[in-house]
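The chain contents come next:
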Amino acid sequence: GLFTFLGGTPSDVQWCFSQVKGAMDDDVAEADIISTVEFNQSGELLATGDKGGRVVIFQQEPESKNQPLRRGEYNVYSTFQSHEPEFDYLKSLEIEEKINKIRWLPQKNAAHFLLSTNDKTIKLWKISERDKRPEGYNLKEEDGRYKDPSTITALRVPVLTPMDLMVEASPRRVFANAHTYHINSISINSDCETYLSADDLRINLWHQEITDRSFNIVDIKPANMEDLTEVITAAEFHPNQCNTFVYSSSKGTIRLCDMRASALCDKHTKLFEEPEDPNNRSFFSEIISSISDVKFSNNGRYMMTRDYLSVKIWDLCMETRPVETYQVHEYLRSKLCSLYENDCIFDKFECCWNGNDSVVMTGSYNNFFRMFDRGYQQDVTYEASRENSRPRSILKPRKISTGGKRKKDEISVDSLDFSKKIIHTAWHPLDNIIAVATTNNLYIFQDKLN
Amino acid sequence: MEVNVEARRILAVSISKLYASRSQRGGLRLHRSLLLSMVMRSARDIYHSSRESEQPNGEQPATEEPMDTNCDPKEKARLAPDLADTSADMAPGVSDKLDESDCDITEDKENLSPAKQSRKRRGKASAAPDFLPSKRARLEPGEERYAAPVGSCRAGVGDYRSALTLNQVIPAF
């Protein structure tokens, strides 16, 4: 489990294909494009959201006694339509049903709760199991019709009898009409009561139970929109300090805010920014420095940011520069103009930590994803593809040839498929199981247990 | 100059992206619009500064002033013919809100999409109220008033933030 990774170097860890979910055809329906992936806190449940507004939850089967060294598979647990397309009549704008983010609430009872959001509306969903139903009502027939009272001669208490397991998803709260701009993040506070939602210019604080009001805690909208120079790109609460959150910007800065300081956190407590390397200046410097994701480490001492070409690890105590920088696909730096033309430069890659914060992972193009081991300072590239998907087959590290001579098994930069991108990845919080989303498929890999 | 050609191409690509994003499902994305406008700004500034360095009098202004009051009159004369047709008949209150992209590529009509050529009529609120002093530069003795070039067209590549208006780029929310 958690400590298997500490035992050896990354080269000892062998990642194996476990499962792939989703349609096999190359013709991808737009509604099936996966837009978010998230494990719950125990790792037992894995949720995906798609462009069609649906949420699919997979549940890990318990380990079987017959095969103790094999982890349980993830199978569909619940599927439901979370958001529908809407129309804003005032602005003549369609509101997409695409699920931007899913976040699980910490489990308090038998039911599971998650927040899912599209561009404008956040919903709290309750997912609960029903495996019994009451039978033998005194006053009602089996089909629900009431019996004629004169025929009732005895008193009978209904008995709960087993039935086939039914998993029900019901919307418990709808948090609407609080965002003028497009919501990019939601984050649940460690206080178990509140959560934040962030759009391009504002961050709102909600109570999980209260839908008719929220508190605005960050507002970077300038008085004159012509003066706009940056937008909020991601926001997250600190994992254990309930007063602290961070938000990243399109300018490559991260601001850490303390809600105890004032009601409106427009003045940051800390500003994290690395000076730009003047040698790398180009037309596209601003776009590639825009941060697409920010994630606190599980221990709360670090945070990770993803910009177009790199992943950076920041020590929360040091604002001047990141403590670690990892190049995801530096070979793309000379191709920024083409990537601008085909829109790939606007792709918003996400990143994630493993359970003990020793490894970070992020996606790239050609269905590649990258892992960076912080301790051993090693990195590896893997590919999620149907060809490498025989059961329990070991993933082979991939190499991209950047120089003139291409070695055997290397892939040249020019043959990369930029339509195949891995934007969303997730790491099981307690185990070496990862979920990687290609356009419309979800791949699950796990490390080989010996 | 190669940089010049690339800058123009990027500008053209950016404008077509901006135009295409208007018909996107879910409405205009603020983040994307902002990034597009920044690329356009870079491309426009590099385009103009590379054109400038090609001129015999390659002197660049040390600081950038939105209303160009510090400019060398010789440079004004050089630029004026390029921009005379777009700004000569513009009222002072309107010229500083001139759409940058329209101004810069009037000579490059083949790359200009028809929709962009129409000049949006500014609402009453955005025209300068008449109790405010005129924004026209105070002339030194001996100077003549030339057609006012748009503020930041000649800015260096460095800091160009203050002058750019994003009227056409960032929609009024």
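- For chain B, the name recorded in an unreviewed UniProt entry is Immediate early response 2b, with Oryzias sinensis as its organism.
- UniProt annotates chain B under Sequence similarities (unreviewed entry) with the comment "Belongs to the IER family."

- Named according to an unreviewed UniProt entry, chain A is Serine/threonine-protein phosphatase 2A 55 kDa regulatory subunit B originating from Oryzias sinensis.
- The annotation that UniProt attaches to chain A under Subunit (unreviewed entry) is "PP2A consists of a common heterodimeric core enzyme, composed of a 36 kDa catalytic subunit (subunit C) and a 65 kDa constant regulatory subunit (PR65 or subunit A), that associates with a variety of regulatory subunits."
- For chain A, the Sequence similarities (unreviewed entry) comment in UniProt is given as "Belongs to the phosphatase 2A regulatory subunit B family."

**Examining the sheet that holds strand S24 (residues 351-353) of chain A**
In a beta sheet, neighbouring strands are held together by backbone hydrogen bonds and run either parallel or antiparallel to one another.
Residue and element names in this part refer to chain A.
Part 1 of the reasoning: Reading across from one edge, S24-S25-S26-S27 is the order of the four strands in this open sheet, with antiparallel pairing throughout. The sheet is open, and its two borders are formed by S24 and strand S27 (378-383), each paired with just one other strand. When strand polarity is set aside, the average angle formed by the axes of neighbouring strands in this sheet is 20°.
Part 2 of the reasoning: Two strands pair when backbone bridges link them, and strand S26 (residues 368-373) and S27 are joined in this way by six bridges, in the antiparallel orientation.

**Let's talk about the pairing of strand S4 (residues 54-60) of chain A**
All names here are of chain A.
Part 1 of the reasoning: By the criterion of burial, S4 is predominantly enclosed, with six of the seven residues buried.
Part 2 of the reasoning: Looking at chain direction, strand S3 (residues 45-50) and S4 are connected through five bridges and run antiparallel. Residue pairing in the sheet places Leu45 in a bridge with Gln59 of S4.
Part 3 of the reasoning: Here S3 folds back onto S4, and the loop between the two strands holds three residues, one of which, Gly53, carries a positive phi near 85°.
Part 4 of the reasoning: As judged from the seven bridges shared by S4 and strand S5 (residues 74-81), these two strands associate in the antiparallel manner. Looking at the pairing, Gln59 lines up with Asn75 of S5.

**Here we look at the confidence of the model for chain B**
Residue and element names in this part refer to chain B.
Part 1 of the reasoning: On average, residues of chain B carry a pLDDT of 57, and 31% of them reach 70 or more.
Part 2 of the reasoning: Mean pLDDT across the secondary structure elements of chain B bottoms out at helix H4 (residues 92-95), with 31, and peaks at helix H1 (residues 2-21), with 89.
Part 3 of the reasoning: Across residues 58-130 the pLDDT falls below 50, and counting only partners more than four positions away or on other chains, this stretch makes 101 contacts in the model.
Part 4 of the reasoning: Low pLDDT (under 50) marks residues 147-169, which in the prediction has 74 contacts with non-local residues, meaning those over four places away or in another chain.
Part 5 of the reasoning: Confidence estimates for the predicted assembly give a pTM of 0.79 and an ipTM of 0.89.

**With respect to the packing of aromatic side chains**
All names here are of chain A.
Part 1 of the reasoning: All told, the structure shown has 22 aromatic pairs over all chains when counted by the stated rule.
Part 2 of the reasoning: Look at Phe175 and Trp206: their rings are 5.2 Å apart centre to centre, the planes differ by 70°, and that puts the pair in the edge-to-face class. Of the two residues, Phe175 is situated in strand S11 (residues 159-175) and Trp206 in strand S14 (residues 202-207); the sequence distance between them amounts to 31 residues. The exposure classification of Phe175 matches that of Trp206, with both residues buried.
Part 3 of the reasoning: When the centroid spacing of 5.0 Å and the interplanar angle of 45° are considered together, the rings of Phe284 and Tyr340 count as tilted. Residue Phe284 is found in the loop between strand S19 (270-272) and helix H1 (285-289), and its partner Tyr340 is found in helix H2 (residues 336-341); the two are separated by 56 residues along the sequence.

Cut-offs used in this document
Residues numbered from 1 in each chain as written. Chains lettered and ligands numbered in written order. Predicted model: local features only at pLDDT ≥ 70, side-chain atom pairs only at ≥ 80, totals over all residues. Heavy atoms only, no water. UniProt positions renumbered as here; feature names shortened; annotations may be inferred. Pairing = 2+ DSSP bridges. Helix = DSSP H or I, 4+ residues; strand = E, 2+ residues; numbered from the N terminus. Axes fitted to C-alpha atoms, helices over the stretch in contact; angles between N-to-C directions. Buried < 20%, exposed > 50% of the residue type's maximum accessible area, 1.4 Å probe, protein only. pLDDT = per-residue confidence, 0-100. Contact = heavy atoms within 4.5 Å. Phe/Tyr/Trp six-rings, centres within 6.5 Å; stacked < 30°, edge-to-face > 60°.

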